[in-house]
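Inside the fold
Chain residues, written in single-letter form:
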Amino acid sequence: MDQSPDQKKADIVTRFAPSPTGLLHLGHAYSARLAHNFARQHGGQFLLRMEDIDQTRCKPDFIDQIVEDLHWLGLTWDGEIRLQSEHFDDYRKVLDSLEEEGLLYPCFCSRKEIQEEIARSAHAPHGPEGHLYPGTCRKMSLEERNRRITAGESYALRLDMNLALQSLTAPLTWHDREKGLQTATPEILGDVVLARKDTPASYHLSVVLDDADQSISHVIRGEDLFYATHLHRLLQHILKLPVPEYFHHPLILDHKGKRFSKREESVTLKHLRETGHRPDEIFALCSIPPTPSS
Ligand code: GLU
């Protein structure tokens with residue numbers, strides 16, 4: 001990965017940020033090793049963060065297991081493990097400021113209602129990963145919003161994408177190791193959820209805030225999150241946060257060309273460890289794409 005000549009080695013900070021909703025698999029081993037090795041090769045820091053905002057699906061047992069897996073692989077991290085669940089107040093404050101700026105609106109829709117609205121509409125907007133939110137609650141009157149909130153209905157907070165884009169005076173870009181200079185087009189994701197009904201945050205909000213708070217210089221993660229970066233770049237702009245470099249690495253696939261899944265026990269690191277595999281075999285199994293280097 002290219003760095004400017006005057007970038008000090010100590011400035012390099014990478015992270016591995018799994019969601020403890022299941023066991024790690026070979027794909028995680030690959031991603032964690034890339035981020036770890038990149039930091040170590042440059043005398044930088046490698047941090048570990050648990051993205052555990054979904055308190056219904058995340059389990060302390062999975063955190064313990066992730067720690068055990070990483071120790072077994074010989075990957076070491078700097079400092080304490082950061083738990084996102086300990087930072088809900090920080091996320092709340094940022095949501096409050098975005099609300100004050102008028103950039104968020106409450107969305108009362110259930111998944112089913114969204115699907116039904118999409119099915120009714122002949123021109124439902126489409127993004128890179130499926131249909132976009134059709135904007136039902138964006139069009140709701142203030143009276144109706146207040147009535148439903150006062151009645152105690154639960155709601156998510158969505159970003160009003162068109163309003164957010166109005167704050168731009170020039171296109172937003174980021175440097176991506178795989179694809180070079182990228183121009184962000186966050187509108188492809190529509191009015192995304194920034195606070196879920198059940199959680200005062202969402203992945204998009206918390207990851208952007210944490211990457212900034214932890215001074216992450218290089219975000220190394222799977223290319224399945226490439227489109228998310230378009231939105232993350234917009235959030236960085238709105239919240240006046242620094243912009244890391246990105247490396248969206250290719251995903252490790254199984255022999256059928258399918259992505260590994262946490263639900264498939266045979267590829268979990270726990271299973272591989274318990275059936276006598278060694279860490280070097282794990283890395284050999286998942287060493288297909290190149291390691292980013294300077
Ligand atoms: N927590 C995310 C996951 O487990 C990764 C987030 C990221 O690396 O930005 O898929």
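Our structure is the block above this text.
My aim in this report is to walk through the structure given alongside it, one point at a time. (Residues numbered from 1 in each chain as written. Predicted model: local features only at pLDDT ≥ 70, side-chain atom pairs only at ≥ 80, totals over all residues. Heavy atoms only, no water.)

**Remarks on unusual backbone geometry**
- Positive phi, normally seen in glycine, also occurs at S215, with a value near 55 degrees.
- Tracing the backbone through its elements, the reader meets S215 in the loop between α7 (203-213) and β11 (218-222).
- On the accessibility criterion, S215 (48% relative accessible area) is partly exposed. (Helix = DSSP H or I, 4+ residues; strand = E, 2+ residues; numbered from the N terminus. Buried < 20%, exposed > 50% of the residue type's maximum accessible area, 1.4 Å probe, protein only.)

**Observations concerning the sheet that holds strand β4 (residues 104-107)**
- Taking strand neighbours across the sheet as the criterion, the three strands line up as β4-β7-β10 in an open arrangement whose pairing is antiparallel. In this open sheet, the two strands that pair with only one neighbour each are β4 and β10 (193-195). The sheet shows a mean angle of 45 degrees between the axes of neighbouring strands, taken without regard to direction.
- Sheet analysis places β4 next to strand β7 (residues 156-159), joined by four bridges and oriented antiparallel. Each bridged residue has a counterpart across the sheet, and for L104 the counterpart in β7 is L159. (Pairing = 2+ DSSP bridges. Axes fitted to C-alpha atoms, helices over the stretch in contact; angles between N-to-C directions.)

**Thoughts on the packing of α7 against helix α8 (residues 226-238)**
- Across the interface, α7 lies against α8 with an axial gap of 10 Å and an inter-helix angle of 60 degrees. As far as their axial angle goes, α8 and α7 are oblique. As for how α7 packs across α8, the hand of that crossing is right-handed. Along the contact surface, α7 presents Y203, H204, L205, V207 and V208, while α8 presents A228, L231, H232, L235 and Q236.
- A per-class count over the contact of α7 with α8 returns seven nonpolar, three polar and no charged. (Parallel < 35°, antiparallel > 145°, perpendicular 65-115°, else oblique. Left-handed = near helix turned anticlockwise from the far one by under 90°. Contact = heavy atoms within 4.5 Å. Nonpolar A, V, L, I, M, F, W, Y, C, P; charged D, E, K, R; others polar.)

**Digging into the pattern of salt bridges**
- This structure, assessed with the given rule, holds 24 salt bridges.
- For R40, the salt bridge identified is with D78, shortest N-O distance 3.0 Å. A residue pair is termed long-range when its members are at least 10 positions apart, and R40 in helix α1 (residues 26-41) and D78 in the loop between α2 (60-73) and β3 (82-83) qualify at 38 residues.
- The partner of R147 in a salt bridge is E144, and the shortest N-O contact between them spans 3.3 Å. Of this pair, R147 and E144 both sit in helix α5 (residues 142-150), three residues apart, which is roughly one turn of the helix.
- R147 sits in the partly exposed class, given a relative accessible area of 47%.
- On the accessibility criterion, E144 (27% relative accessible area) is partly exposed.
- Through salt bridges with shared partners, one network takes in R15, R49, E51, R82, D210, D211 and D213. (Salt bridge = Lys/Arg side-chain N within 4 Å of Asp/Glu carboxyl O.)

**So, the environment of P171**
- Examined against the element boundaries, P171 turns out to sit in the loop between α6 (161-166) and β8 (173-176).
- What makes P171 exposed here is its relative accessible area of 64%.
- Linking P171 and W77, residues 94 residues apart in sequence, is a C-alpha distance of 36 Å.

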